[in-house]
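Structural features, examined
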Amino acid sequence: MNYAELTSLLGYILVLMVPYSLASMGIMVGGRVGVFNVSTEGVMLSGASAAFLVTYFSGSYTLGILSGIGVGLLIGLMMTFFANKLKIDQFIVGILLYIFATGFGSLLYKEIIGITLYPPKVNLLPKIKIPLLSQIPYLGPILFNQDAIVYITILIALLLYYLLFKTSFGLKIRSIGENPRAADALGINVFLMRHIFTLIGSALMGMAGAYLALGFTGIYTNTIVSGRGWISIAITIFGRWNPLWILVGALLFAGVEVLVYTLQAMEVSLPYQVLMMLPFIITLLILIYTSRKAEMPAALGKPYDRESFEE
Amino acid sequence: MKEISKRFGEVQALDNVSMKIGSGEIVGLVGENGAGKTTLMNILYGLYKADKGRIIVNGRETNIQSPKDAISHKIFMVHQHFKLIGNFTSLENIILGSTSGREDFKRMNLQVYRKRIEELMREHKLEIPLDEKVKNLSAGTQQRIEILKALYRMAELLILDEPTTNLTPQETDELLRSVLEMKKRGISVVLITHKIREIVETVDRVVVLRKGKLVGEVPKNEITPEKVVEMMVGRKVDLESELSNIIVPRAPGAEEAEILRIEGISTTGDEGIKLKDISLAVRRGEIFGIAGVSGNGQKELCETIMGIHRPIKGRIIYNGKDLSEADVKERIKQGFRFIPEDRMIDGSLPTMTLSENIILGFQNFEQFQRHGFLLYEKINESARKAIAEYEIRAPNEKIRVGKLSGGNIQKVVVARALLLEPGLLIAYNPTRGLDIGATEKILRQIVELRNSGVSIIMVSEDLDELMLVSDKIAVMYKGEIIGILSKESFDKSKIGLMMAGIREGGIGK
């Protein structure tokens with residue numbers, strides 16, 4: 001393997017980090033207000049489908065990403081309506097929306113593109129070379145020759161970290177996920193914040209899907225997400241619902257995935273299916289290891305009803 | 001508050017209740033469970049909406065829609081179950097929600113907040129560790145955090161809902177001292193309680209509610225506990241003399257045979273509080289009381305004796321037989337009975353019928369099954385008997401238990417424990433959530449059981465109740481038995497100190 005191959009391979013880890021971390025941060029912001037949105041896998045597929053179609057026909061990446069976010073918001077609207085307004089069990093709503101969004105994503109593509117011999121393609125998001133920094137040997141081409149969304153993702157993580165852990169607004173947000181009754185008693189608008197952050201979370205998941213199509217594959221297929229949404233749930237738990245740790249977890253899984261592709265390319269004498277299982281086996285191991293001491297928002301998954309009698 | 005009414009479904013929780021709170025006044029709001037005390041204050045605090053009625057603050061009619069509105073009117077409420085975030089520090093809990101607008105999004109300046117809180121702590125003599133996570137602090141400290149929360153928001157009216165429930169007697173005294181301190185500074189305080197004795201000295205006035213209706217008010221100079229209890233219940237009750245009449249006295253020194261012996265039990269602590277080397281002996285016809293602030297291992301001890309948890313060390317000997325290895329089923333067969341702490345979680349199956357709940361645990365007994373088929377005739381008959389005997393308010397024995405009120409579910413749980421001749425009864429807060437009438441009845445039953453020779457282990461957070469009926473009291477602190485007192489040496493302040501971990505004649509570890 002030469003220098004160019006190595007840096008491009010390692011650069012891929014950052015590319016793959018994006019969908020994992022955007023989706024995980026989507027789950028995290030919902031979780032911080034007590035809403036566990038497990039529809040991620042489906043929302044990502046819908047986001048990928050919408051973003052691909054919009055960019056394919058308009059040629060605009062911005063519109064593509066925005067439509068991914070838009071689809072996320074739309075499904076988020078359903079999530080928050082059923083889970084926070086009607087107070088239906090969050091997992092049931094999440095699973096149903098996963099099924100719905102998965103169907104919606106593939107339907108959209110099939111209706112508009114139909115079945116083709118060769119799938120239509122868009123060019124990948126252009127890489128932005130940051131002057132000077134990208135000249136640093138090894139690190140330069142890996143870290144500073146990426147597309148805009150890679151940088152934006154890292155910015156989002158830093159911003160969310162600042163907001164959640166350094167401001168009193170963040171204290172309010174986290175208190176809702178820990179003990180909504182207590183937050184409510186202090187005059188914090190539990191319902192509004194749950195709506196808002198469920199929507200933001202779902203939007204991030206949609207954006208994660210959009211990036212898969214525009215920044216990673218350049219085509220849309222029904223298997224484009226292939227379990228990354230589920231793995232993101234594990235990353236969120238592994239990352240202790242903290243945006244910075246989520247970045248670390250996302251990097252880790254992106255690394256595993258790149259490793260799988262490398263092994264495939266090197267034609268290791270392992271069946272393809274075994275290699276594909278690797279990320280999931282690692283997920284399982286990490287969850288077994290971390291789940292015992294995992295710190296979850298205490299009110300995660302619990303609907304809040306002000307006038308229900310106390311436990 | 002004027003002419004407040006509120007319904008919850010079928011229940012009229014409040015019916016045309018009016019009350020006034022003066023500036024710098026301490027008002028006791030008393031009544032039995034379900035009288036509507038908390039509901040009334042929750043309406044004032046904006047947590048519930050009144051169906052009807054008006055709220056007037058400082059002479060102006062006010063529409064309080066949410067706690068936010070209440071706080072902006074300088075009204076603050078400390079709930080019975082503290083509304084604190086366990087994973088946050090004391091400091092974070094106090095400042096939480098006190099900012100708004102642009103300040104929300106600026107970097108938090110913890111030093112400034114800390115200074116203000118430290119000032120308040122000095123001024124009101126309320127000491128708390130500011131950087132400790134709240135979940136690691138005692139109930140007394142948590143309460144001080146709640147009060148500081150109110151002071152931090154410059155509350156002028158502080159509502160305390162059952163503030164003494166989880167406190168040792170000493171902590172209660174301390175609390176009442178700070179309440180008087182606040183009064184000096186012009187802060188009004190409402191004390192919601194059903195333990196009238198504790199607040200007699202402190203309050204300026206008592207307002208009595210019964211079944212959602214205002215019964216009356218008593219000014220300071222006319223308050224006597226007997227009078228207020230009579231207003232609360234609607235008839236004369238004197239638990240103390242009633243029960244002391246039926247307790248068969250026992251000559252000191254004359255000891256009955258040992259029924260249960262526990263030798264050096266320790267647990268891993270996986271189920272909650274770790275038990276450390278617990279030994280005790282319960283004799284025939286004895287009520288063995290266990291005192292302690294809730295969450296010091298009482299629950300784990302009861303469950304270990306019952307066989308729900310396996311100790312890593314120690315033996316349980318019952319009637320001379322070693323039952324350390326026996327499972328719960330075997331222990332029930334031997335005569336163990338259990339009234340668990342939480343009637344909803346461990347005590348009943350809400351979606352099953354009253355009959356089925358009454359025989360729960362006895363379903364494989366000869367009386368109730370033949371060849372594996374339940375004998376519903378007999379089961380229903382037992383249930384009907386229990387309904388009559390314990391005055392369970394249920395239309396029939398086939399109703400799902402979850403549809404009954406909390407007090408009635410408790411009666412079902414107690415009825416089950418006493419259904420078939422128990423040998424050893426483990427009663428965890430058997431009177432929890434019951435009104436005075438039902439409390440009296442159940443305590444009487446327990447005493448009668450004792451008189452008939454049954455051994456009873458009774459855990460209660462109500463020290464007065466425990467001292468009234470027990471023959472011995474063991475005090476638990478952090479999973480240990482810190483001391484055992486016999487009836488002659490019962491002393492409330494001594495037990496209180498032990499509950500705080502202070503051993504007789506020295507400080508405990």
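Residues numbered from 1 in each chain as written. Chains lettered and ligands numbered in written order. Predicted model: local features only at pLDDT ≥ 70, side-chain atom pairs only at ≥ 80, totals over all residues. Heavy atoms only, no water.

Quick notes on the overall build of chain A
Applied cut-off: Secondary structure elements are taken from DSSP: a helix is a run of H or I of four residues or more, a strand is a run of E of two residues or more, and numbering for both begins at the N terminus. We compute the radius of gyration over the C-alpha atoms and compare it with the globule rule, which gives 2.2 Å times the number of residues raised to the power 0.38. Relative accessibility thresholds used throughout: buried, under 20% of the residue-type maximum; exposed, over 50%; partly exposed, between the two (1.4 Å probe, protein chains only). Only heavy atoms matter for contacts: two residues are in contact if any of them lie within 4.5 Å across the pair. The method behind every accessible area is Shrake-Rupley, applied with a 1.4 Å probe, and residues are considered shielded solely by the protein chains displayed. Charged residues are defined here as Lys and Arg on the positive side and Asp and Glu on the negative side; His and the ends of the chain fall outside this count. Note that the charge is assigned to NZ on lysines, CZ on arginines, CG on aspartates and CD on glutamates.
In terms of helices and strands, chain A carries 12 helices and 2 strands. Expected size for 311 residues packed as a compact globule is a radius of gyration near 19 Å; at 20 Å, chain A falls within 12% of this value. With the C-alpha coordinates of chain A rotated into their principal frame, the extents come out at 65 × 45 × 40 Å. With 311 residues in all, chain A has 53% of them scored as buried. Partitioning the intrachain contacts of chain A with sequence separation of at least 6 by distance along the chain shows that 79% fall at a separation of at least 24. Here chain A displays about 13800 Å² of accessible surface, and carbon together with sulfur accounts for 71% of that area. The averaged location of the 14 negative side-chain charges in chain A is 5 Å from the averaged location of its 18 positive side-chain charges.

Some points on the sheet that holds strand β15 (residues 321–322) of chain B
All names here are of chain B. In plain terms, the rule: Paired strands are those between which DSSP finds at least two bridges. Axis definition: a line fitted to C-alpha atoms, over the contacting stretch in the case of helices. Angles run 0 to 180 degrees between N-to-C directions.
In spatial order, the strands read β12-β11-β14-β15; together these 4 strands make up an open sheet with antiparallel pairing. Every interior strand has two partners, whereas the edge strands, β12 (278–283) and β15, have only one. By the bridge criterion, 5 bridges tie strand β11 (residues 258–266) to β12 in an arrangement that is antiparallel. Along β12, the bridge assignment pairs Ile265 with Ile278. The strands touched by helix α10 (residues 298–306) are β11, β12 and β14 (313–318); relative to β11, the strand with the most contacts, the crossing angle is about 115 degrees.

Some thoughts on the packing of helix α4 (residues 110–124) of chain B against helix α5 (residues 139–152) of chain B
Residues and elements named next belong to chain B. Heads up, the rule is: The labels follow the angle: roughly parallel below 35 degrees, roughly antiparallel above 145, roughly perpendicular from 65 to 115, and oblique for the rest. Here the nonpolar group is Ala, Val, Leu, Ile, Met, Phe, Trp, Tyr, Cys and Pro; Asp, Glu, Lys and Arg are the charged ones; every other residue, Gly included, is treated as polar.
Their axes nearest at 10 Å, the elements α4 and α5 cross at an angle of 110 degrees. On the basis of the axis angle, α4 is roughly perpendicular to α5. Packed against α4, whose contacting residues are Tyr113, Arg116, Ile117, Leu120, Met121 and His124, the element α5 presents Leu148, Leu151 and Tyr152 at the interface. Tallied by class, residues from the contact of α4 with α5 come to 7 nonpolar, 1 polar and 1 charged.

A word on the pairing of strand β7 (residues 157–161) of chain B
Residue and element names in this part refer to chain B. What counts is decided by this rule: If you view a crossover with the strands going away from you and the path from the first strand over the helix to the second runs clockwise, you call it right-handed.
Burial analysis of β7 places 5 of its 5 residues in the buried class, which makes it a mostly covered element. Side-chain alternation along β7 places Leu157, Ile159 and Asp161 on one buried face and Leu158 and Leu160 on a second face that is also buried. In terms of strand pairing, strand β6 (residues 75–78) meets β7 through 4 bridges, oriented parallel. Within the sheet, the bridge partner assigned to Val78 lies in β7 and is Leu160. In this view, the connection linking β7 to its parallel neighbour strand β8 (residues 188–193) by way of helix α6 (residues 169–184) has right-handed handedness.

Regarding the interface of chain B and chain A
Selection rule: Here the quantity called buried area is the accessible surface, traced with a 1.4 Å probe, that two parts lose on coming together, added over both. We count a salt bridge whenever a side-chain nitrogen from Lys or Arg sits within 4 Å of a carboxyl oxygen from Asp or Glu.
Opposite the 34 residues of chain B that make contact, chain A presents 25 residues. Carbon and sulfur atoms make up 59% of the area that chain B and chain A hide from each other, which totals about 2700 Å². It is Lys83, Leu96 and Met108 of chain B in chain B that bury the most area against chain A; as a group they hold 21% of the surface buried on that side. Here chain B is connected to chain A by 1 salt bridge. Lys172 of chain A is the salt-bridge partner of Asp104 of chain B, the closest N and O atoms lying 3.0 Å from each other.

A word on the pattern of salt bridges
Close approach of charged atoms lets side chains of opposite charge pair. Residue and element names in this part refer to chain B. Counted by the stated rule, this structure contains 26 salt bridges over all chains. Arg144 serves as the salt-bridge partner of Glu174, at 3.4 Å between the closest nitrogen and oxygen. Placement of Glu174 in helix α6 and of Arg144 in helix α5 is noted, with a sequence separation of 30 residues between them. Take Glu174: its relative accessible area is 37%, and that puts it in the partly exposed class. Measuring nitrogen to oxygen at the nearest pair gives 3.3 Å for the salt bridge that ties Arg315 to Asp322. Within the structure, one salt-bridge network assembled from shared partners comprises Glu123, Lys125, Glu181, Lys184 and Arg185.

Brief notes about a nonpolar patch on the surface
Residues and elements named next belong to chain A. As a reminder, the rule being used: Only residues whose relative accessible area exceeds 30% and that form no salt bridge are eligible for patches; like-charged ones are grouped when within 9 Å, while nonpolar side chains (Val, Leu, Ile, Met, Phe, Trp, Tyr) are grouped when within 5 Å.
On the surface, a cluster of nonpolar side chains totalling about 720 Å² of accessible area is made up of Phe81, Leu86, Ile88, Ile92, Ile95, Leu96, Ile99 and Trp230. On the secondary structure map, Trp230 appears in helix α10 (residues 228–238). Taking the relative accessible area as the measure of exposure, Trp230 reaches 32% and is therefore partly exposed.

Comments concerning the sheet that holds β8 of chain B
Across a sheet, paired strands are connected by hydrogen bonds in the backbone, their directions being either parallel or antiparallel. Residues and elements named next belong to chain B. Pairing within the open sheet is mixed, and its 6 strands lie in the order β6-β7-β8-β3-β9-β10. Bordering the open sheet on either side are β6 and β10 (213–219), each of which pairs with just one other strand. With direction set aside, neighbouring strand axes in the sheet form an average angle of 20 degrees. Its contacts with the sheet place helix α8 (residues 225–233) against β3 (26–30), β9 (205–210) and β10, and it is angled at close to 25 degrees to β9.

Re helix α16 (residues 436–451) of chain B
Just so we agree on the cut-off: Expected span of a helix, by definition, is 1.5 Å for each gap between consecutive residues, and there is one gap fewer than residues.
For α16 of chain B, with 16 residues, the first-to-last C-alpha span of 22 Å sits near the 22 Å given by 1.5 Å per residue. Phi turns positive, to about 105 degrees, at Gly453 of chain B, one or two residues after α16 of chain B.

Observations concerning the confidence of the model for chain B
Residues and elements named next belong to chain B. Quick note on the threshold: For every residue, the pLDDT score states the predictor's confidence, bounded by 0 at the bottom and 100 at the top.
In this model, chain B carries a mean pLDDT of 84, and residues with pLDDT of at least 70 account for 94%. Within chain B, no element has a lower average pLDDT than strand β1 (residues 2–8), which sits at 63, and none a higher one than helix α3 (residues 90–95), at 93. Interface confidence for the predicted complex, expressed as ipTM, amounts to 0.83; the pTM equals 0.77.

Some thoughts on α5 of chain B
An α-helix turns once every 3.6 residues. As a result, residues three or four positions apart point the same way. All names here are of chain B. With 14 residues, α5 extends 20 Å from end C-alpha to end C-alpha; this agrees with the ideal 20 Å at 1.5 Å per step. Burial of α5 is extensive: 13 of the 14 residues sit out of reach of the surface. The first or second residue beyond α5 is Met154, which carries a positive phi of 55 degrees.

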